[in-house]
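# Architecture and fold: a report
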Amino acid sequence: MFSTKKGNLFALFFVIHFLAGNLVLALILASFPAMPSILPTIGMTQILLVFLPSVYYRFLFRTPVKSTFRLYKTNPLNFLLSGLLALTSIPLVMLVNLISQFMFKPALDETLANIGSENYLLAILVIAVFPGVFEELISRGIILSHYRNHKVLVTSVISGFFFGMMHMNMNQFMYAFVIGFLLSIVVHITGSVFTSMLMHFIINGTNLSLAFVASSDIFASLPGYEEQEVMMEQLDHSQLLLQSLGVVIVLFLVSLPFFLGILFAMVMVNNKWDLLKSNAKSSDFFAREKILTDEEVLELGIPVDTKPRERIFTIPLILTTLIFIAVAVLTEILPSL
């Protein structure tokens with residue numbers, strides 16, 4: 001029912017659907033007058049190109065909804081810990097984002113620069129709520145469930161890798177990979193996708209809110225604001241990055257002990273230390289899905305399945321990776337040469 005090959009095949013389908021859908025959507029929108037806001041386009045992309053594939057998956061594969069998407073109840077304390085973990089992880093995300101910008105073009109600079117003129121509630125819906133739900137159903141739901149027979153670290157790396165490729169640019173790939181790995185670990189610890197949805201929402205919502213504040217006139221009346229603006233305009237991109245990097249490193253170092261402490265508390269509350277320490281199978285973290293070991297199967301008198309362990313690097317995964325690299329080269333690397 002759940003196999004690595006099927007999971008990789010779905011990942012390939014998702015990437016092709018996403019790219020083709022973006023092209024079709026761009027052609028359709030080109031025939032209409034330019035919209036005053038980018039938010040409806042982002043909303044349509046999330047619904048049609050991210051959420052819709054999960055609906056296709058459900059009808060094609062007929063897998064159980066709960067165990068596929070990990071829609072399990074969890075300890076209410078996990079929501080509090082997940083929220084705090086999300087907040088303390090933001091400096092880490094900012095740090096990886098800044099470092100990646102030394103190598104790759106920032107993907108969201110233009111969008112975030114104009115975000116102050118958008119409707120805040122609509123922005124929260126399409127940039128925080130929609131991705132928090134739709135992208136988690138794909139990355140921490142479908143992809144994760146098809147890697148349930150692999151070790152938790154392997155499963156989490158694959159989840160983060162696919163989550164990075166979903167964004168289709170190198171800048172977002174870098175920090176999305178880190179976020180995706182963390183969110184996968186959290187789902188394994190808490191046993192529920194709802195905690196990763198909450199974290200995803202908080203991370204996106206907090207960054208969006210900070211962008212709203214930064215692009216507003218709230219600081220314009222402060223002493224020295226205009227002088228600071230003039231000085232910033234004289235700096236090139238690398239100089240701006242270096243100036244920001246020092247601040248972000250300090251934030252990261254301050255937040256790191258809290259981040260690790262909250263993560264450790266989450267592990268202990270859910271009694272997952274031994275499983276993490278032994279790098280157990282992904283399925284062992286979900287009590288409802290525990291797969292019998294060969295020893296347990298023999299004790300029950302059931303013939304042991306002797307077929308070889310599932311391969312991770314199947315042709316669909318290789319093709320998905322090559323498509324992502326090709327898109328990055330054509331849209332980012334070649335134009336900058």
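To start, this report covers the structure provided alongside it. All values reported here derive from a predicted model rather than from experimental measurement.

This brings us to the packing of aromatic side chains. Across all of its chains, the model carries 13 aromatic pairs by this definition. Ring centres of F14 and F18 lie 6.0 Å apart, and the angle between their planes is 20°; this geometry places the pair in the stacked category. Linking F14 with F18, this pair stays in helix 1 (residues 4-30), spanning four residues, or about one helical turn. Across this residue pair, the class does not change: F14 and F18 are buried. Aromatic pair F51 and F134: ring centres 4.8 Å apart, planes at 35°, arrangement tilted. One end of the pair, F51, is in helix 2 (residues 39-61); the other, F134, is in helix 6 (residues 120-145), with 83 residues separating them in the sequence. With relative accessibility at 29%, the residue F51 sits in the partly exposed group.

Tallying each qualifying case throughout the model produces two cavities of 30 Å³ or more. The calculated volume of the largest cavity comes to roughly 50 Å³. Forming the walls of the largest cavity are G7, N8, A11, I143, Y147, I158, F161, F162, M165 and L317. Among the elements of the structure, helix 1 and helix 7 (152-166) are those that each provide at least two residues to the lining of the largest cavity. Per-element accounting of the lining of the largest cavity gives the leading share, four residues, to helix 7. A per-class count over the lining of the largest cavity returns eight nonpolar, two polar and no charged. Here the second largest cavity is characterised by a volume of approximately 30 Å³. As for the second largest cavity, its lining consists of T88, S89, L92, F252, S255, L256 and F259. Elements with a contribution of two residues or more to the lining of the second largest cavity: helix 4 (76-101) and helix 11 (237-269). A per-element tally of the lining of the second largest cavity places helix 11 first, with four residues. Counted by class, the lining of the second largest cavity contains four nonpolar, three polar and no charged residues.

Axis separation between helix 6 and helix 7 bottoms out at 10 Å; the angle between their running directions is 145°. In this structure, helix 6 crosses over helix 7, and the sense of that crossing is right-handed. Residues E135, I138, S139, R140, I143 and L144 of helix 6 touch helix 7, and the partners they reach there are T155, I158, S159, F162, F163 and M166. For the contact of helix 6 with helix 7, the per-class residue count stands at seven nonpolar, three polar and two charged.

Moving on: the nonpolar core. Residues F14 and L85 are the most contacted members of the largest nonpolar core, which totals 72 residues. At twelve residues, helix 6 tops the list of elements feeding residues into this core. Once you skip the residues sitting within four places of it in the chain, L85 turns out to touch L182, V186, M199, F259, I262, L263 and M266.

It is worth spelling out the packing of helix 4 against helix 8 (residues 170-190) at this point. The N-to-C vectors of helix 4 and helix 8 enclose an angle of 160°; their axes lie 9 Å apart at closest approach. Here helix 8 runs roughly antiparallel to helix 4, going by the angle between their axes. Once helix 4 is placed against helix 8, the crossing between them reads as right-handed. On helix 8, the residues that touch N78, S82, L85, S89, L92, V93, V96, N97, S100 and Q101 of helix 4 are N171, M174, Y175, V178, I179, L182, V186 and T190. A class-by-class count of the residues in the contact of helix 4 with helix 8 yields ten nonpolar, eight polar and no charged.

What counts, and where the lines are drawn
- Residues numbered from 1 in each chain as written.
- Predicted model: local features only at pLDDT ≥ 70, side-chain atom pairs only at ≥ 80, totals over all residues.
- Heavy atoms only, no water.
- Phe/Tyr/Trp six-rings, centres within 6.5 Å; stacked < 30°, edge-to-face > 60°.
- Helix = DSSP H or I, 4+ residues; strand = E, 2+ residues; numbered from the N terminus.
- Buried < 20%, exposed > 50% of the residue type's maximum accessible area, 1.4 Å probe, protein only.
- 1 Å grid on protein atoms, 1.4 Å probe; cavity = no way out; pocket = protein on both sides within 12 Å on 5 of 7 lines; lining within 4 Å.
- Points joined across faces, edges and corners; volume = space filled by probe spheres on them.
- Nonpolar A, V, L, I, M, F, W, Y, C, P; charged D, E, K, R; others polar.
- Axes fitted to C-alpha atoms, helices over the stretch in contact; angles between N-to-C directions.
- Left-handed = near helix turned anticlockwise from the far one by under 90°.
- Contact = heavy atoms within 4.5 Å.
- Core = buried A, V, L, I, M, F, W, Y, C linked by side-chain atoms within 4.5 Å.
- Parallel < 35°, antiparallel > 145°, perpendicular 65-115°, else oblique.

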